Amino acid sequence: MKFRSKAMTGMLALLTILSSAGCSKLKARDEMNKGVRSFKESKYETAVEHFKAAVDLDPELTNAHLYLAAAYASQYQPGGDSPENKRIGEEAIKAYENVLVKDPGNVGSVSGIAGIYFNMKNFAKAKEYYKKRTELEPNSREPFYSIGNVNWILCYNKQDPLPTEQKKVLVEGGLTNLETAVKNDPNYYNAYFYINLLLRQKAQVIIDELTDANPKLKDQFAMAALDPKSLDPLVKKHAGSHY
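No experiment lies behind these values; they were computed from the predicted model shown.

1. Observations regarding the overall build of the chain
Part 1: Check the secondary structure of the chain and you find eleven helices and zero strands.
Part 2: Residue burial in the chain is summarised as follows: out of 243 residues, 37% are buried.
Part 3: A fraction of 51% describes how many contacts in the chain between residues 6 or more apart in sequence connect residues 24 or more apart.
Part 4: Carbon and sulfur atoms make up 55% of the accessible area of the chain, which totals about 14900 Å².

What follows is the structure in structure tokens.
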């Protein structure tokens, strides 16, 4: 009799736990649905609170983590330097990373993190996640294009110019990725545009290598810039068979 009583007590305790867990999951979905409604109404701060409540109630609710990240990302102002704006961007990244812990192949999270880092002008981290996306979506045009875009930005930086050798690596890597973007979508004209820009950077790298080796050539190349027809023979004259 005592054994039956203990068994019944154990079963009731288990049912209570299961009921409580089920109740938490239902509450989590309710909070997520409220967050979605707020998100659609562009009430992002309210949406964040609902999505945070949802993930607290059910940490395994992946969509709630994704929506939480999207709600933070929607509030982030690209390039904004205020502490609050940086915090919002970091919270978005954290929410996306929580998704990747459970689902390392979640393309939306990888893409979201890359985009936020790009808007933060943290180009090294942006490229890291764009590269991850190329592994997840080898037939997509976007991540390859994005790497080419980042490489051009780094090469074109006139306020903090990179060493010539580093620019050379970026140019070649950027062109390779842009060519892959075009291969994946031959009608992707944004990629052709940046191929053109990087080819100009490639020409500049050639000139920089020559003037680094012989600074006296700087004036000659400056004059040649006024008469593009003279540029090709000038490069060939001083580069020999190197190019």
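2. A look at the layout of surface pockets
Part 1: Each pocket or cavity is described by its volume, and for the largest pocket that value is around 200 Å³.
Part 2: What lines the largest pocket is simply Cys 155, Tyr 156, Asn 157, Lys 158, Pro 161, Leu 162, Thr 164, Lys 167, Gln 201, Gln 204 and Asp 208.
Part 3: If you list the elements that add at least two residues to the lining of the largest pocket, you get α7 (142-156), α8 (164-184) and α9 (189-213).
Part 4: A total of three residues in the lining of the largest pocket trace back to one element, the largest contributor, which is α9.

3. A word on the packing of aromatic side chains
Part 1: For the structure on display, the rule yields ten aromatic pairs.
Part 2: Judged by centre distance (5.3 Å) and plane angle (70°), the rings of Tyr 145 and Tyr 188 are edge-to-face. Of this pair, Tyr 145 sits in helix α7 while Tyr 188 is found in the loop between α8 and α9, placing the two residues 43 residues apart along the sequence.
Part 3: Owing to a relative accessible area of 6%, Tyr 188 belongs among the buried residues under this scheme.
Part 4: Ring-pair connections join several aromatic residues into one group, and the members of that group are Tyr 145, Trp 152, Tyr 156, Tyr 188, Phe 193 and Tyr 194.
Part 5: We note Arg 141 situated over the ring of Tyr 188; from NZ or CZ to the ring centre the distance is 3.9 Å.
Part 6: Between Lys 158 and the ring centre of Tyr 156, over which it is positioned, the NZ or CZ distance is 4.8 Å.

4. Description of the nonpolar core
Part 1: Of all hydrophobic cores here, the largest spans 32 residues; its most connected members are Phe 51, Ile 113 and Tyr 129.
Part 2: If you tally residues by element for this core, the top one is helix α4 (residues 83-102), at six residues.
Part 3: Counting 17 residues, the second-largest nonpolar core is a separate cluster that includes Leu 170, Val 171, Leu 178 and Ala 191.

5. Structural notes on the packing of α7 against α9
Part 1: The N-to-C vectors of α7 and α9 enclose an angle of 30°; their axes lie 10 Å apart at closest approach. It follows that α7 is roughly parallel to α9 by the angle criterion. Both α7 and α9 take part in a crossing whose hand is left-handed. Between α7, through Tyr 145, Gly 148, Asn 149, Trp 152, Cys 155 and Tyr 156, and α9, the contact on the second element is made entirely by Asn 190, Ala 191, Tyr 194, Leu 197, Leu 198 and Gln 201.
Part 2: Residues that form the contact of α7 with α9 fall into these classes: eight nonpolar, four polar and no charged.

6. Some thoughts on the side chain of His 65
Part 1: For His 65, the location among the structural elements is in helix α3 (residues 62-75).
Part 2: Setting aside residues up to four positions removed in sequence, His 65 forms contacts with Val 55, Pro 59, Ala 95, Asn 98, Val 99 and Lys 102.

7. Some words on the pattern of salt bridges
Part 1: One pass over the structure, following the stated rule, counts 13 salt bridges.
Part 2: The residue Asp 58 makes a salt bridge to Lys 25 at a minimum N-O spacing of 3.6 Å. One end of the pair, Asp 58, is in the loop between α2 (44-57) and α3; the other, Lys 25, is in helix α1 (residues 2-40), with 33 residues separating them in the sequence.
Part 3: A salt bridge links Glu 137 to Arg 133; the nearest nitrogen and oxygen atoms lie 2.8 Å apart.
Part 4: Relative accessible area serves as the criterion here: at 15%, Arg 133 is assigned to the buried category.
Part 5: Via salt bridges that share partners, Glu 84, Arg 87 and Glu 91 belong to a single interconnected network.

8. Overview of unusual backbone geometry
Part 1: We note that Ser 42 has phi near 65°; this positive angle belongs to a residue other than glycine.
Part 2: Under the relative-accessibility criterion, Ser 42 is labelled partly exposed at 47%.
Part 3: Non-glycine residue Lys 121 carries a positive phi angle of around 65°.
Part 4: Examined against the element boundaries, Lys 121 turns out to sit in the loop between α5 (107-119) and α6 (123-136).

9. Quick word on the environment of Lys 132
Part 1: Tracing the chain through its elements places Lys 132 in helix α6.
Part 2: What makes Lys 132 partly exposed here is its relative accessible area of 32%.
Part 3: Separated by 27 residues in the primary sequence, Lys 132 and Gly 105 place their C-alpha atoms 9.2 Å from one another.

Criteria and cut-off values
Residues numbered from 1 in each chain as written. Predicted model: local features only at pLDDT ≥ 70, side-chain atom pairs only at ≥ 80, totals over all residues. Heavy atoms only, no water. Helix = DSSP H or I, 4+ residues; strand = E, 2+ residues; numbered from the N terminus. Buried < 20%, exposed > 50% of the residue type's maximum accessible area, 1.4 Å probe, protein only. Contact = heavy atoms within 4.5 Å. Areas by Shrake-Rupley, 256 points an atom, 1.4 Å probe, with all protein chains shown as cover. 1 Å grid on protein atoms, 1.4 Å probe; cavity = no way out; pocket = protein on both sides within 12 Å on 5 of 7 lines; lining within 4 Å. Points joined across faces, edges and corners; volume = space filled by probe spheres on them. Phe/Tyr/Trp six-rings, centres within 6.5 Å; stacked < 30°, edge-to-face > 60°. Lys NZ or Arg CZ within 6 Å of the ring centre and 35° of its normal. Core = buried A, V, L, I, M, F, W, Y, C linked by side-chain atoms within 4.5 Å. Axes fitted to C-alpha atoms, helices over the stretch in contact; angles between N-to-C directions. Parallel < 35°, antiparallel > 145°, perpendicular 65-115°, else oblique. Left-handed = near helix turned anticlockwise from the far one by under 90°. Nonpolar A, V, L, I, M, F, W, Y, C, P; charged D, E, K, R; others polar. Salt bridge = Lys/Arg side-chain N within 4 Å of Asp/Glu carboxyl O.

Geometry only, nothing functional implied.
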